[in-house]
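Each chain, written out:
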Amino acid sequence: MSNRYVAVNWNRQKRVYDTVIGLGAPLLVALFFMTTLLTHPHVTAETGLIRGLGLTALVLLHVILCIGPLCRLDPAFLPLLYNRRHLGVTMCMIALAHAAFATFQYHALGDRNALLSLLVSNAAFGSLAGFPFELLGLAALLILMLMAATSHDFWLSVLSPPVWKTLHMLVYLAYALLIGHVALGAMQAEAGVVGPLLLGAGALVVIGLHLLAGLTERAPDRKRSVAEWVPVCRAEDIPEAGAKLALVGGERVAVYRYAGRLSAVSNVCKHQNGPLGEGRIVDGCVTCPWHGYQYRPDSGTSPPPFDDKVPTYDLRIEGGQVVVQRQANPPGTYVEPVPDRVEAAGLPVNRDERPFYIGYQDRAPAAVARHTRRAVTLIGVLAAGTIVSLALAQEPFADSRFEYGQPRTIVGRITARPYPRLEVPSPAGVTQYLLAAAGKHGAASLVAPFDGRVVRLVGSLAQRGTAKLLEVDSIASGAGSAVPAVAQRALGDFELRGEIVDSKCWTGVMNPGQGKTHLDCAVRCLSGGLTPLLVIRDSTGRESHLILTDAQGAPLPRSFLPAVGRPVAVQGQVLREGELLFLRTSPEAIRVLR
């Protein structure tokens, strides 16, 4: 307990637990990241880090949600409850890092503000499969941030325990939102069963523990009585310095026996509604098992300088039974303790030998410390196993590469229409590179002054299969061999099924650069003028890509953007121009498949 607000009441226990949290959480992120890099060599580092941060936060949230019911089932887990707030703040910071990094990666450096892009890039609210899962994650993050910001006892005092408790019960809403965020997002990008199985198992564990703890909580409530004086138990059944619980007048009451006397107080601690009846008499005061708040058993008042108060109850002994008056006294009302008559009757004294944990003491009882070490070790092993399993279960990433930080100089001819590309003479004829500017922008403005001219271009290569793209660093007039003209040949009219992607990410700047999780980024890239591609796959899984234009061969209007990142059927005329395939179509000829 403390009569003034400080950031952390540091003691040896708190330092140990915070050290475990401070080392363990980053290790889980690193474990996912390194496992992914070792087993999926084509992944981009940004993708590995974003996924690692998100999964670590989700695993920690499961741990946090399980601590409460575990403590209700076994008090030996109380050290985890005492330190749960720090774990919650850590989890929130990791979730915030995941969200910030993902928002920057998928929405920044484009033609719109990143936060605005997050809200408007995907508007498929009427489709379950297409629903903008990012908004579910954003809503959950706002709840977690509110909880982290109000986690200190200062806010508990200002808001009052009932309001504070109600606010922090929103964690269950945040959990439900995150389940939806994962199920409608990352899980749709993975075809395997490991992710759904682990997510379902985690939800079952959380729900099961809460239901089991709830059934245990209801046990004392089954013995209801409408009498004015409610029987509790025999005095000798109450452990020395401990309590028995009873439902009196619809409220749980803790009847304590101490130093040959009996007193009854409300079971609800004023701090966080902790169960006082599961506490002990320590230094003459009822001590809450959750956070160590103390109250005198005869008056329900905290010892000076504290001023918390809980209701007290009148009680007496009738026919060997302890009975409690139905009506509670106002908080802080002194009630003369009743002699228990146990020793006078020669009855054995019931002593509870179980160790009692008080978080603000420097050391935990040896038995509790051993249990905590085992519990933390088991939790760590399960968390690490979950992280590694999910890393291994990821779908293979495409064989693509991006030579970031390794610019190359290439001499060739610029063709600006319909989308910028560089044509370079080669032994086989002409090699064609799509061009992009930095960030989520096309290169049209960069190449416009050089259309049809031979240039010396410096840029970084991204390549996936036969698709090649250069992110332009600089362009200058150059001299070199004449570049042969590339003939265009019509191949016929077709309806093709596939996915519309942006050429920059798909060729290797981001991996994966397709699917629903990449949808928002593709919208920003294509809105910024990058070349749109329709990616199709044959029965063997081999990919082909076609550049999308309008019916006259000009850039496709942006009204096609709602179809990006989803399965589509596109009708139009296919043409070949050197190495490249073009599909002349219109936004009206693009149909999103259900």
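The structure contained in this document is the topic of the report that follows. Within any chain, residue numbers begin from 1 and follow the written order of that chain's sequence. Restriction of local features to residues with pLDDT of at least 70 applies here, the model being predicted, together with a cutoff of 80 or more for giving and counting side-chain atom pairs; totals for whole chains, interfaces and linings are based on all residues. Side-chain descriptors were evaluated using all non-hydrogen atoms of the structure, hydrogens and water having been removed beforehand.

1. As for helix H9 (residues 171-183)
Going along the chain from the N terminus, every DSSP run of H or I of four or more residues is numbered as a helix, and every run of E of two or more is numbered as a strand. Helix span, as expected, comes to 1.5 Å for every residue beyond the first. Between its first and last C-alpha atoms H9 spans 18 Å; for 13 residues at 1.5 Å apiece the expected length is 18 Å, and the two agree. Considering only its buried residues, H9 is in contact with helix H2 (45-73), helix H4 (84-107), helix H6 (133-149), helix H8 (161-168), helix H10 (186-189) and helix H11 (194-218). Pairs of residues are marked as contacts when any of their non-hydrogen atoms sit within 4.5 Å.

2. Examining the pairing of strand E4 (residues 261-266)
Here's how the labels work: a residue is buried when its accessible area is under 20% of the maximum for its type, exposed when over 50%, partly exposed in between, all with a 1.4 Å probe on protein chains only. With respect to burial, E4 is a largely interior element, five of its six residues being buried. Pairing between two strands is assigned when DSSP locates at least 2 bridges connecting them. Note that strand E3 (residues 251-258) and E4 share six bridges and pair antiparallel. Paired with Ala-254 across the bridge in E4 is Val-265. Between E3 and E4, which pair antiparallel in sequence order, lie two residues; one of them, Ala-259, sits at a positive phi of approximately 50°. Here E4 runs beside strand E11 (residues 338-339); their pairing, made up of two bridges, is antiparallel. Following the sheet pairing, Arg-261 is matched in E11 by Pro-339.

3. Brief notes about unusual backbone geometry
Residue Pro-304 is joined to Pro-305 through a cis peptide bond whose omega torsion reads 5°. Structurally, the position occupied by Pro-305 is in the loop between strand E7 (294-295) and strand E8 (312-313). Asn-511 connects to Pro-512 through a cis peptide bond whose omega is 5°. You can see Pro-512 is positioned in the loop between helix H14 (503-509) and helix H15 (519-527). One non-glycine residue, Ser-160, lies in positive phi territory at about 85°. Relative to the assigned elements, Ser-160 resides in the loop between helix H7 (153-159) and H8. Its identity is not glycine, yet Asn-273 carries a phi of approximately 60°, on the positive side. Note on placement: Asn-273 falls in the loop between E4 and strand E5 (280-282).

4. What about the packing of aromatic side chains?
Centres within 6.5 Å make a pair out of two Phe, Tyr or Trp rings, where for Trp the six-membered ring is used; the pair is then stacked when the planes are under 30 degrees apart, edge-to-face when over 60, and tilted otherwise. Scanning all chains against the criterion turns up four aromatic pairs. Between Phe-125 and Phe-131, the aromatic rings sit 5.7 Å apart at their centres with planes inclined by 80°, giving edge-to-face as the arrangement. Relative accessible area serves as the criterion here: at 44%, Phe-125 is assigned to the partly exposed category. Note on Phe-154 and Trp-155: the rings are 5.4 Å apart at their centroids and 80° apart in plane angle, and the pair reads as edge-to-face. Overall, the relative accessible area of 37% leaves Phe-154 in the partly exposed class. Stacked on the ring of Trp-229, the Lys or Arg Arg-316 has its end atom at 3.8 Å from the ring centre. We call a charge positioned over a ring when the NZ of a Lys or the CZ of an Arg lies within 6 Å of the ring centre and within 35 degrees of the ring normal.

5. Considerations on the packing of H9 against H11
Each axis is a line fitted through C-alpha atoms, taken for helices only over the stretch in contact, and angles between the N-to-C directions span 0 to 180 degrees. Close contact between H9 and H11 brings their axes to 11 Å; oriented N to C, the two are set at 160°. Judged by the inter-axis angle, H9 sits roughly antiparallel to H11. Read as a crossing pair, H9 and H11 show a hand that is left-handed. In this structure, H9 contributes Tyr-172, Tyr-175, Ile-179 and Val-182 to the contact, and H11 contributes Leu-199, Gly-202, Ala-203, Val-206 and His-210. Each residue gets one label: Ala, Val, Leu, Ile, Met, Phe, Trp, Tyr, Cys and Pro are nonpolar, Asp, Glu, Lys and Arg are charged, and the others, such as Gly, are polar. For the contact of H9 with H11, the per-class residue count stands at seven nonpolar, two polar and no charged. When an angle is under 35 degrees it counts as roughly parallel; over 145 it counts as roughly antiparallel; between 65 and 115 it counts as roughly perpendicular; any other value is oblique. Left-handed is the label given to a crossing in which the near helix is rotated counterclockwise from the far helix by less than a right angle, and right-handed is the label when the rotation is clockwise.

6. Some details on the state of the cysteines
By definition, disulfides here are pairs of cysteine sulfur atoms that lie within 2.5 Å. For the structure on display, the rule yields zero disulfides. In this model Cys-288 remains outside any disulfide bridge; the closest cysteine sulfur is found in Cys-269, 4.0 Å from its own.

7. Details of the environment of Ala-428
Among the structural elements, Ala-428 can be located in the loop between strand E14 (421-426) and strand E15 (429-436). Ala-428 gets classed as exposed once you look at its relative accessible area, which sits at 82%. Separated by 178 residues in sequence, Ala-428 and Gly-250 have C-alpha atoms that sit 88 Å apart.

8. Details of the pattern of salt bridges
The term salt bridge refers to a side-chain nitrogen of Lys or Arg lying within 4 Å of a carboxyl oxygen of Asp or Glu. Under the criterion given, the structure shown has 18 salt bridges. Across the salt bridge formed by Arg-401 and Glu-403, the nearest N and O atoms sit 3.5 Å from each other. Each of Arg-413, Arg-421, Glu-423 and Glu-577 takes part in a single network of salt bridges with overlapping partners.

9. Considerations on the sheet that holds strand E6 (residues 285-287)
Strand pairing in a sheet takes place through backbone hydrogen bonds and is either antiparallel or parallel in direction. Across the sheet, three strands lie side by side as E5-E6-E7; this open sheet has antiparallel pairing. Each end of this open sheet is capped by a strand with a single partner; those strands are E5 and E7.

10. Examining the pairing of strand E17 (residues 467-477)
Inspection of the sheet shows E15 paired to E17 by three bridges, in the parallel sense. Counterpart to Ala-436 in the pairing with E17 is Glu-471. Pairing analysis gives ten bridges linking strand E16 (residues 454-464) to E17, with the strands arranged antiparallel. Its bridge partner lying in E17, Gly-459 is registered against Val-472. Between the antiparallel neighbours E16 and E17 lie two residues, among them Gly-465 with a positive phi of about 60°.

11. Brief notes about the sheet that holds strand E1 (residues 229-234)
The three strands lie next to each other as E1-E10-E9, forming an open sheet whose pairing is antiparallel. One side of each edge strand has no neighbouring strand; the edge strands of this open sheet are E1 and strand E9 (315-318). Strand after strand, the sheet turns through a mean of 35° between neighbouring axes, direction not considered. As defined by bridge partners, E1 adjoins strand E10 (residues 321-325) across five bridges and the pair is classed as antiparallel. Residue Val-230 lies in a different strand from E10, and its bridge partner there is Val-324.

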